[in-house]
Amino acid sequence: MRLVFALIPLLAALGSPGPAMAQTGQPAPPFSVRDLDGRTVRLQDLRGKPVVLDFWATWCAPCRASMPDLDALQERYADQGLVVLGLSLDEDGTAPVKRFVERLGIRFRIALANEKMLAQYGPIRSAPTTLFINRRGVVVRRVVGYVDKETMESFIRELL
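Keep in mind that this is a model prediction, so the values were computed, not measured.

### Looking at the overall build of the protein chain
Point 1. Looking only at helices and strands, one finds five helices and seven strands in the protein chain.
Point 2. Ordered by position from the N terminus, the helices and strands of the protein chain form the series α-β-β-β-α-β-α-β-α-β-β-α.
Point 3. Among the 160 residues that make up the protein chain, the fraction classed as buried is 46%.
Point 4. Looking at the protein chain alone, contacts between residues at least 24 apart form 73% of all its contacts between residues at least 6 apart.
Point 5. Entry remark: accessible area of the protein chain is about 8,100 Å², with carbon and sulfur atoms responsible for 51%.

### Topic: the state of the cysteines
In protein structure, a disulfide is the covalent linkage between the sulfur atoms of two cysteines.
Point 1. Evaluation of the coordinates by the stated rule reveals one disulfide.
Point 2. With its sulfur 2.4 Å from that of its partner, C60 forms a disulfide with C63. As the torsion about the S-S bond is roughly 80 degrees, the C60-C63 disulfide counts as right-handed. Neither residue differs from the other here; C60 and C63 are each classed as buried.

### Re the side chain of D71
Point 1. Within the secondary structure, D71 is located in helix α2 (residues 61-77).
Point 2. Dropping the residues within four chain positions of it, D71 is found in contact with G105, I106, R107 and F108.

### Notes on the packing of aromatic side chains
Each aromatic ring pair is described using two quantities: the centre-to-centre distance and the angle formed by the ring planes.
Point 1. Enumeration over the complete set of coordinates arrives at four aromatic pairs.
Point 2. Taking 5.9 Å as the distance between ring centres and 75 degrees as the angle between the ring planes, the aromatic pair formed by F31 and Y121 counts as edge-to-face. Of this pair, F31 sits in the loop between α1 (2-13) and β1 (32-34) while Y121 sits in helix α4 (residues 115-121), and the two are 90 residues apart along the sequence. In terms of burial, F31 and Y121 fall into one category: buried.
Point 3. Look at W56 and F100: their rings are 5.4 Å apart centre to centre, the planes differ by 25 degrees, and that puts the pair in the stacked class. Separated by 44 residues along the polypeptide, W56 in strand β3 (residues 51-56) and F100 in helix α3 (residues 94-104) bring together distant segments of the chain. You'll find W56 and F100 in the same group, each marked buried.
Point 4. The rings of F31, F55 and Y121 are connected pair by pair, giving a single aromatic cluster.
Point 5. Over the face of the ring belonging to F155 we find R141, whose NZ or CZ atom lies 3.9 Å from the ring centre.

### Considerations on the sheet that holds strand β4 (residues 83-88)
Point 1. The five strands lie next to each other as β5-β4-β3-β6-β7, forming an open sheet whose pairing is mixed. With partners counted over all chains shown, the strands left at the sheet margins are β5 (109-112) and β7 (139-144), one partner each. Looking at each pair of strands side by side, their axes are set apart by 20 degrees on average, direction ignored.
Point 2. The sheet contact formed by strand β6 (residues 129-133) and β7 spans five bridges and is antiparallel.

### Topic: α2
Point 1. Between its first and last C-alpha atoms α2 spans 25 Å; for 17 residues at 1.5 Å apiece the expected length is 24 Å, and the two agree.
Point 2. The sharpest bend along α2 comes to roughly 30 degrees, located at M67, with the proline P68 sitting one to four residues further on.
Point 3. Turning to α2, its buried residues number three or more, namely C63, S66, M67, D69, L70, D71, L73, Q74 and Y77.
Point 4. In this fold, the buried residues of α2 make contact with β3, β4, α3, β5 and α5 (149-159).

### Considering the confidence of the model for the protein chain
Point 1. Looking at the protein chain as a whole, its pLDDT mean stands at 89, while 88% of the residues score no less than 70.
Point 2. A low-confidence stretch, residues 3-19 stays under pLDDT 50, and its non-local contacts, those more than four residues away or across chains, total 11 contacts.

What counts, and at which threshold
Residues numbered from 1 in each chain as written. Predicted model: local features only at pLDDT ≥ 70, side-chain atom pairs only at ≥ 80, totals over all residues. Heavy atoms only, no water. Helix = DSSP H or I, 4+ residues; strand = E, 2+ residues; numbered from the N terminus. Buried < 20%, exposed > 50% of the residue type's maximum accessible area, 1.4 Å probe, protein only. Contact = heavy atoms within 4.5 Å. Areas by Shrake-Rupley, 256 points an atom, 1.4 Å probe, with all protein chains shown as cover. Disulfide = S-S within 2.5 Å. Phe/Tyr/Trp six-rings, centres within 6.5 Å; stacked < 30°, edge-to-face > 60°. Lys NZ or Arg CZ within 6 Å of the ring centre and 35° of its normal. Pairing = 2+ DSSP bridges. Axes fitted to C-alpha atoms, helices over the stretch in contact; angles between N-to-C directions. Expected span 1.5 Å × (residues − 1). Bend = angle between axes of the 7 residues up to and from the residue. pLDDT = per-residue confidence, 0-100.

See the structure below:
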């Protein structure tokens, strides 16, 4: 994954038109990833729902600290349509990520971020990086670094 982090700025510097980057106030770029159960998750399937995209990694201490909070918030606001999608930056495949998620007891959906998504939503230079997408599919907030549960909940309530 560190190689991917290094390549994203290089590709951007080359000036290739490529996909639009996710920017606050702009529509979230479409994506398609596979979750840990092998099912496809597409942004278009989440249309009309508030979405939290959390880019994280098993080796990231702040990510580990925030995941139980995200899980609790997903549970609390699921009936209002909230979708929390964790996007692992780990490069060793699904097995270690599955073990990590099971050990923490995380129930919200987890997928592996692919290179196309990293290019569209990047640059992801720090983990966690969390994007908040409203029901209209617009990125309303991008947060880099750990966010405490109360602040995260206030951001989610803005989406609802």
